[in-house]
Amino acid sequence: MQHKSTMEITLKDSLKSILLGLLAALSIYVCILLQLPAWVLFIGWSTYALFCTSKTTTLISFLEETAGMLLAYFINIFAIYLNTYTPEFGVLLSVFGIVTLLYWVTKLKLFNNLITYFLGMTAWFSYSSDSLNNLPMLMLCLGLGIGFGYVYTVFDGLISNYKYNGK
């Protein structure tokens, strides 16, 4: 028996791919206009796709990622402080301490998604900021990404549920 691998191309899939491409291009355009880091927007978009199943989970994910950015900031601050005493190990001790404490935070019923905290840390460390003044801008990027994820999901659902009767 011969196995034949084919990809069926449907109108709905074509529309979804065009929609995704248009929204991705629009999101980059918005980032260029507002001088925002696009990768943080895409972290937010990915977060929406992975974790946001309701308004509550969306808000919690956003808060956890924001907390992750703050934790990354504090990792830097504590590392600078600890480097005065142990230059070789300051960063390591700072990461160890904060991530160890984060483990216990994720034991809380509501704020329990370790991955979202790490995504927030990724956003902060990727931006290479040492000032909390950048936090609102990064939160805006994250929120825009979550918004684009939501818009794509709404339109994806509309396309999926559309019934064409040939008229």
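Residues numbered from 1 in each chain as written. Predicted model: local features only at pLDDT ≥ 70, side-chain atom pairs only at ≥ 80, totals over all residues. Heavy atoms only, no water.

## Overview of the overall build of the chain
Turning to step 1, where the next piece is worked out: If you tally the helices and strands in the chain, you get 6 helices and 0 strands.
Turning to step 2, where the next piece is worked out: In terms of overall size, the chain is more extended than a compact globule, its C-alpha atoms giving a radius of gyration of 20 Å where 167 residues would be expected to give roughly 15 Å.
Turning to step 3, where the next piece is worked out: Counting only C-alpha atoms, the chain reaches 75 × 45 × 35 Å along its principal axes.
Turning to step 4, where the next piece is worked out: Out of the 167 residues belonging to the chain, those deemed buried represent 32%.
Turning to step 5, where the next piece is worked out: Of the roughly 11,000 Å² of accessible surface on the chain, 69% is carried by carbon and sulfur atoms.
Turning to step 6, where the next piece is worked out: Distance between charge centres in the chain, computed from 8 positive and 7 negative side chains, equals 20 Å. (Helix = DSSP H or I, 4+ residues; strand = E, 2+ residues; numbered from the N terminus. Rg over C-alpha atoms; globule rule 2.2 N^0.38 Å. Buried < 20%, exposed > 50% of the residue type's maximum accessible area, 1.4 Å probe, protein only. Areas by Shrake-Rupley, 256 points an atom, 1.4 Å probe, with all protein chains shown as cover. Lys, Arg positive; Asp, Glu negative; His and termini not counted. Charge placed at Lys NZ, Arg CZ, Asp CG, Glu CD.)

## Observations regarding the environment of Thr53
Turning to step 1, where the next piece is worked out: By secondary structure assignment, the location of Thr53 is in the loop between helix 2 (38–51) and helix 3 (55–83).
Turning to step 2, where the next piece is worked out: As for Thr53 and Tyr150, which are separated by 97 residues in sequence, their C-alpha atoms are 10.0 Å apart.

## Let's talk about the packing of aromatic side chains
Turning to step 1, where the next piece is worked out: Within the structure shown, the criterion is met by 8 aromatic pairs.
Turning to step 2, where the next piece is worked out: Seen in terms of ring centroids, Trp45 and Phe148 are 5.8 Å apart; in terms of plane orientation they differ by 20°. Their pairing is stacked. With a gap of 103 residues between them, Trp45 in helix 2 and Phe148 in helix 6 (residues 135–161) connect regions that are remote in the sequence. By the burial criterion, Trp45 is buried, and Phe148 matches it.
Turning to step 3, where the next piece is worked out: Ring centres of Tyr103 and Trp104 lie 5.1 Å apart, and the angle between their planes is 90°; on these two criteria the pair is classed as edge-to-face.
Turning to step 4, where the next piece is worked out: For Tyr103, a relative accessible area of 41% puts it in the partly exposed group. (Phe/Tyr/Trp six-rings, centres within 6.5 Å; stacked < 30°, edge-to-face > 60°.)

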